Each structure stands twice: as C-alpha cells, then as structure tokens.
Amino acid sequence: MNKRSHSIAFWAGVAVFLIAVLTMTQIVRNEYPFFAGYVILQFIALAVAWSILGGYAGYVNFGTNAFFGVGVYTAVALFKATGAPLMLQIAAGAVVGMTLGFGVGLLTLRMRGIFFSIATIALAIIIETFVMNWRFVGGAAGIQIQRPPVMAPFDSYVKMLFFVQALLAVTAVSIARYIQNSRIGRGLQALRDDELAAECTGVPTLKLKLVACMISGGLISAAGAPAAMYLQYADPSSAFNLSYSVSALAMALIGGTAHWIGPVLGAILLGSTQQLLAVTISSEVNVLVLGIMLVLFVVGAPKGIIGLLRPRYRLRAGGKP
C-alpha cells in the first residue's frame, strides 16, 4: 500500500509539473525564461542520466560530452538528410546513444576506477575528431540550422523546445526512479559496494553495467538532440564541450547519488545559480562557482543534499521518499 501511494504521488507530481510547464508556454510572453529554463531542464536530464552509471553503479563517467555531442550530430545529420521532425531526431539520438553505450561498455566496463574514467575521456576526443572531419555536418566550422515551422499549440520554437526538454527530464527521472527501485538498481548497488563480492554471489555484474551504460548513454544523447535547434547552430567544440561532463558530474555529486532526486536537486541548484550569474555578472564565472560549490559539498556534505535531508525526510538509498 505504501509503495502504491508513493507511485501515485510521484505520477501526480509529474502530471502537475507538465501541466504547469504547458500552461507557462501559453501565458508567459517573455521568451527569456524559456531560454534559461531549457538549460536547467537539460542539466536535470544530464545529471540524472549520468547518475545511473556514475551513481548507482559507481563507475565515474567523464564521457558525458561524447554522448551529448553524438545526440546533437545525430539530430543534425538526420535533419539535413531527411528534414525529420524533432521527435524523430530525439528518438534517433537515443538509439544511437544506446548503441554507442553498448559498444563502449563492452570495451571499457571491464576496467575499473581511474582507468575507466580515462577511457571515457578518450572516447570524447575520438568522436569529436571524427565529427570535425565530417564535411556533411559542417566539419570544424560548424553548421547553421534553419528551424522548421513551430507546431501547435506553441507560438514560438523556444517554447516548444522548453516543453520537449521538460518531457525528456521527466523521462530520465522516471527511468532512474524505476531502476533504483528494481532488481537492476539493487544489483548495481551491490557491485558499487563490492564488485568482486557481488560476482561471487551470482550478480551478473557485466550485464548490469552494460544495461546502465546503454540507458545512461541513450538518455544523454536524447537530451542533446534538441540542442542544435535551440542554438540554431552546431559545431564540434561546443557540442563536445567538456563542461557537460563536469557539470553533470558536479550536479549529481552535489545533489547526492544515493537517491534519484539528488541529481535533480543538484541540477536545479547549480543550473539556476549559473543562469542567475550569467544575467547579473558574467557567464565566465560559472565554472568558478561550480568548482567552489563542488569543493564545499565534498568537504562539508560528502553525501550531497540528500545526505543533509535524509535524517529529516527518511530518504532511503534503495527506496522512495
């Protein structure tokens, strides 16, 4: 009964959130909140997706920018070749991201610790180099994107992208929540605590790591797919920017990786702070603030915001709030 009530509360919250987002797109005329909101929602999707492999399984992934860039350029190539609609671009990005996650997982997930992290950095460099020499999508110079007509009931493309990114964030959170409360999540937690002991007790560690890498990669690529339409431009240096990897990792760690809501809180906190600083001071200080907040939380609250809230709200690592 308790499990059912938590599920009802979660899905009711999702419905209220999406209705509020849709209503906002119909009422608010100033487009800046949607520009800023899109970035925050994108960070939520990235942080939650990163946490599936980096948090639940304990494999620190520095290749977030590789999967994000793959999502961007999958969408660009598909749009240029066929004029595919946005949702098809996102679906294609997710499929390519999952396929890449499977391939990368087979090659790297037998490594542990720093060796796995270094391998994921190398992945981003290799893919970025390939894209820089791919003339069809503009190569190193980048490519301009002409947005197609906006779909009803939205009156601007930015508002539509804001709602689409909200759907992607909700999808990422829902999948992360399901994994955490499933046998997959318990298996990932077991291998994170002691992989050798988990293998000895019959946990299919490699299979679980592959599943986590595929899901994480697919969600990150899907979140990156609308970015070219958002900026109306794509180039390798921005699509594969290392800041995506650093931000996703920092937001997940600051929020806490023991519960699905941790990366959400971390992304909202850091994303909102960065957008506020970009308006009031300069976007150049974003990395500085991110680094300071990360150091403060690592030293003062190593379990993140969730670690601070758990004694009060009884958040469980393997259950629901």
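Cut-offs used in this document
- Residues numbered from 1 in each chain as written.
- Predicted model: local features only at pLDDT ≥ 70, side-chain atom pairs only at ≥ 80, totals over all residues.
- Heavy atoms only, no water.
- UniProt positions renumbered as here; feature names shortened; annotations may be inferred.
- 1 Å grid on protein atoms, 1.4 Å probe; cavity = no way out; pocket = protein on both sides within 12 Å on 5 of 7 lines; lining within 4 Å.
- Points joined across faces, edges and corners; volume = space filled by probe spheres on them.
- Helix = DSSP H or I, 4+ residues; strand = E, 2+ residues; numbered from the N terminus.
- Core = buried A, V, L, I, M, F, W, Y, C linked by side-chain atoms within 4.5 Å.
- Buried < 20%, exposed > 50% of the residue type's maximum accessible area, 1.4 Å probe, protein only.
- Contact = heavy atoms within 4.5 Å.
- Patch = residues over 30% accessible without salt bridge, like charges linked within 9 Å, V, L, I, M, F, W, Y side chains within 5 Å.
- Areas by Shrake-Rupley, 256 points an atom, 1.4 Å probe, with all protein chains shown as cover.
- Salt bridge = Lys/Arg side-chain N within 4 Å of Asp/Glu carboxyl O.
- Phe/Tyr/Trp six-rings, centres within 6.5 Å; stacked < 30°, edge-to-face > 60°.
- Nonpolar A, V, L, I, M, F, W, Y, C, P; charged D, E, K, R; others polar.
- Axes fitted to C-alpha atoms, helices over the stretch in contact; angles between N-to-C directions.
- Parallel < 35°, antiparallel > 145°, perpendicular 65-115°, else oblique.
- pLDDT = per-residue confidence, 0-100.

As recorded in an unreviewed UniProt entry, the protein goes by Branched-chain amino acid ABC transporter permease and comes from Bradyrhizobium archetypum. The UniProt entry for the protein carries the following comment under Subcellular location (unreviewed entry): "Cell membrane".

Draft legend 1. Geometry of empty space enclosed by the protein. Here the structure, examined in full by the defined rule, presents two cavities of 30 Å³ or more. One number sums up the size of the second largest cavity: a volume of about 30 Å³. Lining the second largest cavity, in full, are Val72, Ala75, Val76, Phe79, Gln89, Ile145, Ala228 and Met229. Breaking the lining of the second largest cavity down by element, the ones donating at least two residues are α3 (64-82) and α10 (227-231). By residue number, the principal contributor to the lining of the second largest cavity is α3, which donates four residues.

Draft legend 2. Looking closely at the nonpolar core. By size, the foremost hydrophobic cluster in this structure holds 102 residues, and its most contacted members are Ile44, Val72, Tyr73 and Val76. When residues of this core are assigned to their parent elements, the largest contribution, 16 residues, is made by helix α2 (residues 32-56). For Val72, the contacting residues outside a window of four places in its chain are Gly224, Ala225, Ala227, Ala228, Ala234 and Ala239.

Draft legend 3. Region of interest: a nonpolar patch on the surface. Side chains of Met111, Ile114, Phe115 and Ile118 sit close together on the surface and give an oily, nonpolar patch of about 410 Å² of accessible area. Locating Ile114 in the fold gives a position in helix α5 (residues 114-132). Taking relative accessible area as the criterion, Ile114 reaches 52% and is therefore assigned exposed.

Draft legend 4. Spatial organisation of the packing of aromatic side chains. Per the stated rule, a full pass over the model turns up eleven aromatic pairs. Note on Tyr38 and Tyr230: the rings are 4.2 Å apart at their centroids and 10° apart in plane angle, and the pair reads as stacked. With a gap of 192 residues between them, Tyr38 in helix α2 and Tyr230 in helix α10 connect regions that are remote in the sequence. Ring geometry for Phe130 versus Trp134: centroids 5.9 Å apart, planes at 40°, classification tilted.

Draft legend 5. Local environment of the layout of surface pockets. By volume, the largest pocket is sized at about 630 Å³. For the largest pocket, the lining is made up of 28 residues, of which Val39, Gln42, Phe43, Ser243 and Tyr244 are closest to its centre. Taken together, the elements giving at least two residues each to the lining of the largest pocket come down to α2, α3, α10, β2 (233-234), α11 (236-239), α12 (243-255), α13 (261-280) and α14 (286-300). In terms of residue class, the lining of the largest pocket is built from 17 nonpolar, nine polar and two charged.

Draft legend 6. Inspection of the packing of helix α6 (residues 157-180) against helix α9 (residues 205-224) at higher detail. At a minimum axis distance of 10 Å, the contact between α6 and α9 shows a crossing angle of 170°. Overall, the two elements α6 and α9 adopt an arrangement that is roughly antiparallel. Only Ile215, Leu219, Ala222 and Ala223 of α9 make contact with α6, whose side of the interface consists of Gln165, Leu168, Thr171, Ala172, Ile175 and Ile179. Counted by class, the contact of α6 with α9 contains eight nonpolar, two polar and no charged residues.

Draft legend 7. Focus on unusual backbone geometry. Between Ala152 and Pro153 the backbone carries a cis peptide bond, its omega angle lying at 10°. As for its position among the elements, Pro153 is in the loop between β1 (143-144) and α6. Located in the positive-phi region is Gln232, a residue other than glycine, with phi close to 60°. With relative accessibility at 32%, the residue Gln232 sits in the partly exposed group.

Draft legend 8. Region of the structure containing the pattern of salt bridges. By the definition in use, this model includes four salt bridges. With a closest N to O distance of 3.2 Å, Lys159 and Asp155 form a salt bridge. Residue Lys159 is classed as buried on the basis of its relative accessible area, which comes to 1%. According to the relative accessible area criterion, Asp155 is partly exposed, its value standing at 47%. Residue Glu195 pairs with Lys209 through a salt bridge whose shortest N-O separation is 2.7 Å. Of this pair, Glu195 sits in helix α8 (residues 195-200) while Lys209 is found in helix α9, placing the two residues 14 residues apart along the sequence. Taken together, the salt bridges that share partners define one network made up of Arg29, Asp155 and Lys159.

Draft legend 9. Spatial organisation of the confidence of the model for the protein. For the protein, the mean per-residue pLDDT works out to 88, and 95% of the residues sit at or above 70. Low pLDDT (under 50) marks residues 317-321, which in the prediction has 17 contacts with non-local residues, meaning those over four places away or in another chain.

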